[in-house]
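If you want the building blocks of each chain, they are given just below.
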Amino acid sequence: MSHRLIDIIAGARPNFMKVAPIIRAIDALARTGSNLSWRLIHTGQHYDKRMSDDFFEQLGIPQPHVNLGAGSGSAAEQTSAIMIGYEGLLLSAPSDMCLVVGDVTSTMACAIVAQKLQIAVCHIEGGIRSGDWTMPEEINRLVTDSITNHFFTTSTFANANLRAAGVSDDRIHFVGNTMIDTLMANMDRLREPAFWAASGLSAGRFFVVTLHRPANVDSPENLAGLLQAIAQGASGLPVVFPVHPRTAKAMRAIGELPAGFIIVDPQPYLEFNWLVKNAFAVITDSGGVTEETTVMGIPCMTLRASTERPETVTVGTNELIGTDPRALAPALDRLAAGNWKKGSIPELWDGKAAERIAAILDRIVGTPSARLITGR
Ligand code: UD1
């Protein structure tokens, strides 16, 4: 029986927790007789140990078959390096399907290359939209989804967006959230970071902050304003701030920080989520973090004007605060007064999304329906 090969693309930090359970689920199917196989391709978009290798080790992700070594650069430099690398690979060693996850530059770049070589594209976390075209991720989502054959969705909002764009129901697979598969699989393995013991922090008595969106961190003045507002509203609680490499540049320009901040390196997966689970609340501009706080029931404030994950607000513990530092004070007052919503868990965020994905892939990879052209 010949193998049907799926390329699994992983490029940047938020991709790694999404591909881990998919690889495991495909392997589990293969053990029961399926002829699905996978080839893991790291584009090299993220390359620091703390942004990449630590996640592979902690989540038990196998070594990639190929690393395209794309590295950093402008959006176009990064996109083109990934495209040239992946095209070369597919021309010399084609696959039957290209599976992309999330909304990073690697997601879009590999989808374009595969579709131009008439290799079916499936998009895990397809269909989500912020409506904000100033965010590079929104452009990545729009481009990727316009050439995706099969969509694996995390929310009813995503399903509705795709239907509104004319995608037929046979291409929309509502499966749940692979990021949450990973969180649930690792909940008992979460562990305190190395700095914890000497930090003087106590569980439930600190904030976690993450900021890395260009709109918030590329200007030192903007970032300084946000950090000032967080320090003022934190009711004297310390603020743990793992600093993303992008944010580190503006931090150097800011100089002295307000009192209360504990600046740490980007944390590995198990340590970061241990911090979140033990935090009083989280303040972030990440999308993935709002999903994790929702599942852990931790109050979350998002410093953005929009979200592509509205279920974290309508169902979960997240609230959109915007990017004006003045909007933080009233929200932090409400939190301190104990008036934050409790939230619940969105539909199908049950730890089993990857199993559903593998079962559907087993049905469609290599069949003519994998490459339904536009499906309209
Ligand atoms: C990317 C994703 C974003 C995701 C984020 C998580 C895009 C458009 N954005 O943003 O959706 O939330 O990853 O981290 O794909 N850098 C390093 N070491 C690394 C990686 C990056 O030092 O391993 C520095 C480089 O200076 C680089 C900058 O960070 O220029 C930005 O990296 P890049 O991959 O372009 O985007 P992120 O801001 O990380």
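This text goes with the structure placed above it.
Scoring rules and cut-offs
Residues numbered from 1 in each chain as written. Predicted model: local features only at pLDDT ≥ 70, side-chain atom pairs only at ≥ 80, totals over all residues. Heavy atoms only, no water. Salt bridge = Lys/Arg side-chain N within 4 Å of Asp/Glu carboxyl O. Helix = DSSP H or I, 4+ residues; strand = E, 2+ residues; numbered from the N terminus. Buried < 20%, exposed > 50% of the residue type's maximum accessible area, 1.4 Å probe, protein only. Near = heavy atom within 4 Å. Polar contact = N/O pair within 3.5 Å; in protein donor to acceptor, adjacent residues only side chain to side chain. Areas by Shrake-Rupley, 256 points an atom, 1.4 Å probe, with all protein chains shown as cover. Nonpolar A, V, L, I, M, F, W, Y, C, P; charged D, E, K, R; others polar. Pairing = 2+ DSSP bridges. Axes fitted to C-alpha atoms, helices over the stretch in contact; angles between N-to-C directions. Contact = heavy atoms within 4.5 Å. Right-handed = clockwise from strand over helix to strand, strands pointing away.

Undergrad: Mind showing me how you'd approach the pattern of salt bridges here?
TA: Here the idea is simple: oppositely charged side chains can pair when their charged atoms come close. A complete count under the given rule lists 20 salt bridges for this structure. A salt bridge links Arg-4 to Asp-362, with the nearest nitrogen and oxygen atoms 2.7 Å apart. Of this pair, Arg-4 sits in strand β1 (residues 4-10) while Asp-362 sits in helix α16 (residues 353-364); the two residues are 358 residues apart in sequence, bridging distant segments of the chain. Where Asp-218 meets Arg-246, a salt bridge forms, and the shortest distance between an N and an O atom there is 2.9 Å. With Asp-218 in the loop between α9 (214-217) and α10 (220-233) and Arg-246 in helix α11 (residues 245-254), this residue pair connects regions lying 28 residues apart in the sequence. Given a relative accessible area of 42%, Asp-218 falls into the partly exposed group. Via salt bridges that share partners, Lys-18, Asp-103, Glu-125, Glu-138, Arg-141, Glu-291, Arg-304, Glu-308 and Arg-309 belong to a single interconnected network.

Undergrad: What exactly am I supposed to notice about the site of the ligand here?
TA: As a structural note, the neighbourhood of the ligand is formed by 21 residues, with Gln-45, His-46, Thr-105, Glu-137 and His-212 the closest of them. Within the backbone of Tyr-47, an N or O atom sits 2.9 Å from an oxygen atom of the ligand. At 2.9 Å, a side-chain N or O of Lys-249 approaches an oxygen atom of the ligand. Burial of the ligand by the surrounding chains reaches 87%, relative to a free accessible area of 740 Å². When residues of the shell around the ligand are traced back to their parent elements, those giving at least two are α1 (13-31), α5 (136-146) and α11. Its residues assigned to classes, the shell around the ligand shows 6 nonpolar, 8 polar and 7 charged.

Undergrad: Mind showing me how you'd approach the sheet that holds strand β10 (residues 261-264) here?
TA: Within a sheet, neighbouring strands are paired by backbone hydrogen bonds and run either parallel or antiparallel to one another. Within the open sheet, the 6 strands sit side by side as β10-β9-β8-β11-β12-β13. Their pairing is parallel. In this open sheet, the two strands that pair with only one neighbour each are β10 and β13 (318-320). This sheet shows a mean twist of 20° between the axes of neighbouring strands, independent of strand direction. Relative to β10, strand β9 (residues 239-242) is paired through 4 bridges, and the arrangement is parallel. Residue pairing across strands places Pro-242 opposite Val-264, the latter belonging to β10. Set on the sheet, α10 makes contact with β8 (207-210), β9, β10 and β11 (281-284); between it and β10 the angle comes to about 130°.

Undergrad: It is not clear to me how the pairing of β11 should be interpreted in this structure. Could you clarify?
TA: Regular strands place their side chains on alternate faces of the sheet. Of the two faces of β11, the one carrying Ala-281 and Ile-283 and the one carrying Val-282 and Thr-284 are both buried. Handedness of the crossover joining β11 and strand β12 (residues 300-302) through helix α13 (residues 288-296) is recorded here as right-handed.

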